[in-house]
Amino acid sequence: MNAAPENLQSVFDRTFAGISQGLGNFTPQLTPREVGTIMSVATGIAKVSGLPGVGFEELVKFPGDVLGIAFNVDEDEIGVVLLGEYQDLHAGDEVQRTGRVMDMTVGEGLLGRVIDPLGRPLDGNEPVNTSQRLAIERPAPAIMDRAPVTVPLQTGLMVIDALIPIGRGQRELILGDRQTGKTAIALDTILNQRGKNVICVYCAIGQRASAVAKVVANLRTKGALDYTVVVVAEGNDAPGLAYIAPYAATSIAEHFMEAGHDVLIVYDDLTQHARAYRELSLLLRRPPGREAFPGDIFYIHSRLLERATHLCKERGGGSLTALPIIETEAQDISAYIPTNLISITDGQIYLSPSLFELGVLPAVDVGKSVSRVGGKAQRAAYRAVAGDLKLAYAQFEELETFARFGARLDEDTRKIIEHGRRIRACLKQPEFAPVSMPAQIAVLLALTANLFDPVPLDKMTDAGNAVREAAATIPAEVSARFETASKLNDEDKKTIVEIARKALAPFQPKPEPKPEVKTETKAEPKAGIKDDNTGKAEAKPKPEVKAETKPEVKSETKPKSEPNAEPQTKVKPKPDATPKEKS
């Protein structure tokens with residue numbers, strides 16, 4: 001009976017000894033935490049007091065896990081851009097510092113996903129499982145880390161690949177009025193990268209949810225979503241999300257570029273991005289400038305697009321090609337935002353609403369479009385084929401406007417106009433139908449060889465399709481030179497031209513037999529007459545012409561006799577007519 005209490009007492013003693021030892025070893029550590037208070041909440045922004053140590057563009061946390069970026073750091077208050085739903089925030093709520101800047105999830109797990117600028121999934125699937133994160137605002141690569149742009153990025157659109165070539169690492173602006181096909185060009189370019197080891201990032205800024213859903217559905221049905229990341233900031237989201245969307249998408253693309261991949265990123269569109277930044281700046285009481293945009297509106301786009309480049313081999317040799325989209329108003333490309341981006345980018349593709357209304361799709365205005373990299377980002381086969389094509393097309397457009405006045409044109413001018421119409425017909429292309437490089441070169445060679453000139457305009461579509469299908473029969477040795485820097489020799493051109501001529505054979509000879517049938521019909525009546533009379537029949541037209549000229553001479557003499565009859569008419573007798581009849 002005495003042993004049991006002694007054992008229990010020893011257990012208690014050991015337990016309390018361990019507790020006392022743990023308390024003795026514990027030293028409380030105080031971690032300082034800055035806490036602020038919301039002063040006011042407006043559309044997409046909040047004014048916060050406190051947080052004396054907060055930095056510029058530091059991430060702060062609001063109740064309900066709502067994040068914000070410190071935008072204005074003043075002496076008494078902080079202007080914060082909200083990155084989420086702000087309806088549940090009220091004045092007096094607590095605000096905490098996070099000690100980090102805004103970053104984004106990156107990695108291979110994002111391929112095929114649709115996410116928002118915060119990395120949250122929008123496609124209904126599980127959250128993205130990646131451990132790597134990059135800041136959305138990163139410095140652009142240094143000049144010595146860059147390499148020249150020499151490798152082309154094939155868009156699959158003949159008018160762009162032939163006349164306005166785009167290189168990997170280039171920044172090419174797409175601008176035009178609304179509903180002219182700007183997004184269609186970007187989507188065709190993404191679809192054409194299938195099987196070419198190019199990763200695509202599509203960033204939708206301020207777009208309607210229905211329009212974004214249509215784009216995602218097209219990418220999924222065409223099999224392009226497997227190598228594409230879609231970052232979406234819808235039109236009904238907070239303006240802060242629209243502001244950070246292109247930077248977050250660029251960080252995703254930079255991760256792949258630094259890994260040695262070729263990346264294509266599309267910003268659709270930066271007009272909505274500029275408007276979101278203007279809204280935030282005006283709400284935060286920043287001084288407005290031209291068109292009420294803040295003074296640093298140029299800088300937000302320049303620091304974004306400067307991150308697109310082609311890295312040198314020491315840095316992995318990856319590239320980031322940017323296709324920013326801008327919407328113009330009433331074809332005014334000299335507005336504030338379009339001129340800013342024209343000066344930042346390496347060329348522009350202008351889409352004309354007048355060409356769109358005429359059914360010329362894609363509605364690219366070749367005269368106002370340019371690629372400042374030019375032939376350096378084009379294969380040698382293209383340079384040999386499409387060298388004079390742009391000049392011929394520009395001459396055609398000028399002569400076509402002149403011919404609308406109804407002026408009489410000489411034969412050379414008519415040939416230029418007819419040839420230009422065939423060029424424009426060949427450059428037409430339906431949506432979601434990219435053309436391969438051999439097919440493009442075959443059509444362009446046929447154009448330069450004037451093989452399409454005898455083809456009627458209403459049959460140009462079928463003729464172009466026939467040449468594209470026949471391009472599959474080009475010998476492998478010749479098609480292998482398309483991808484290299486070597487030029488096409490004369491034998492290669494002759495081979496391709498012969499293939500195109502055979503493909504166009506059903507279209508070209510149709511107008512030729514018509515004059516042959518007419519000559520045969522004229523010869524048949526001559527054959528019905530005897531051989532002796534044929535010579536006479538041939539000689540008869542000549543006196544007939546003379547006989548026709550003689551009455552003309554008589555008719556000319558009659559009016560001469562009329563003035564002689566005038567003095568007779570002064571006498572006023574009607575018998576004057578009778579002597580004329582007798583005579």
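Bear in mind the structure is a predicted one, so any value in this text is a computation, not a measurement.

Things to note about the overall build of the chain
Tallying secondary structure elements over the chain gives 20 helices and 16 strands in all. Buried positions account for 45% of the 583 residues belonging to the chain. Across the chain, contacts joining residues at least 24 apart in sequence account for 73% of those joining residues at least 6 apart. On the chain, roughly 30,700 Å² of surface is accessible, and the fraction owed to carbon and sulfur atoms is 53%.

Thoughts on the sheet that holds strand β1 (residues 35–41)
Two orientations exist for strands paired in a sheet by backbone hydrogen bonds: parallel and antiparallel. Pairing in this closed barrel of 6 strands is antiparallel, and the strands run β1-β2-β5-β4-β3-β6 around the ring. Each adjacent strand pair in this sheet contributes to an overall mean axis angle of 45 degrees, direction not counted. In this structure, β1 lies alongside strand β6 (residues 94–101), joined through 3 bridges in antiparallel fashion. Its bridge partner lying in β6, T37 is registered against E94.

Description of the packing of aromatic side chains
Using the criterion set out here, one finds 7 aromatic pairs in the structure. Between the aromatic rings of F71 and Y277, the centroid separation amounts to 6.1 Å while the plane-to-plane angle is 75 degrees, which identifies the pairing as edge-to-face. Here F71 is found in strand β4 (residues 66–73), whereas its partner Y277 is found in helix α6 (residues 270–283), with 206 residues between them in sequence. A cation over a ring is seen here: R278 above F293, with NZ or CZ 4.3 Å from the ring centre.

Overview of the side chain of T328
Tracing the backbone through its elements, the reader meets T328 in the loop between β14 (319–327) and α8 (336–344). Taking relative accessible area as the criterion, T328 reaches 4% and is therefore assigned buried. Reaching out from T328, the side chain makes a polar contact with the side chain of D177 at a distance of 2.5 Å.

A word on the sheet that holds β14
On the basis of which strands lie adjacent, the open sheet formed by 8 strands has the order β8-β12-β11-β13-β14-β10-β15-β16 and mixed pairing. With partners counted over all chains shown, the strands left at the sheet margins are β8 (114–115) and β16 (370–371), one partner each. Alignment of strand β13 (residues 262–268) against β14, held across 6 bridges, turns out to be parallel. From the neighbouring strand, D262 faces β14, where its bridge partner is S319. This element, helix α3 (residues 182–191), spans β10 (173–176), β11 (198–207), β12 (228–234), β13, β14 and β15 (347–351) of the sheet and lies at about 160 degrees to β14. Helix α5 (residues 239–258) rests against β8, β11, β12, β13 and β14 of the sheet, and its axis sits at about 175 degrees to β11.

What counts, and at which threshold
In this numbering scheme, every chain counts its residues from 1 along its sequence in written order. Residues qualify for local features only when their pLDDT is at least 70, as the model is predicted, and side-chain atom pairs are given and counted only at 80 or more; totals for whole chains, interfaces and linings, by contrast, use all residues. The basis for every side-chain value is the complete set of heavy atoms in the structure, and neither hydrogens nor water enter the calculation. Secondary structure elements follow DSSP: runs of H or I of four or more residues count as helices, runs of E of two or more count as strands, with numbering from the N terminus. Three exposure classes are used, based on accessible area relative to the maximum for each residue type with a 1.4 Å probe and protein chains only: buried under 20%, partly exposed in between, and exposed over 50%. We call two residues in contact whenever any of their non-hydrogen atoms come within 4.5 Å of each other. Reported accessibility uses the Shrake-Rupley method at a 1.4 Å probe radius. Residues are deemed covered only where the shown protein chains occlude them. In this description, strands pair whenever DSSP reports at least two bridges between them. Whenever a helix is involved, its axis is fitted only over the stretch in contact; in every case the axis is a line through C-alpha atoms, and angles between N-to-C directions fall within 0 to 180 degrees. Put simply, two rings from Phe, Tyr or Trp (the six-membered ring, in Trp's case) pair if the centres are within 6.5 Å, and we call them stacked under 30 degrees between planes, edge-to-face over 60, tilted for the rest. Each ring is checked for a lysine NZ or an arginine CZ that lies within 6 Å of its centre and within 35 degrees of its normal; such an atom marks a charge sitting over the ring. In protein, a polar contact means a hydrogen-donor-capable atom and an acceptor-capable atom, both N or O and within 3.5 Å, with residues adjacent in sequence counting only if both atoms are side-chain atoms; elsewhere, any N or O pair within 3.5 Å suffices.

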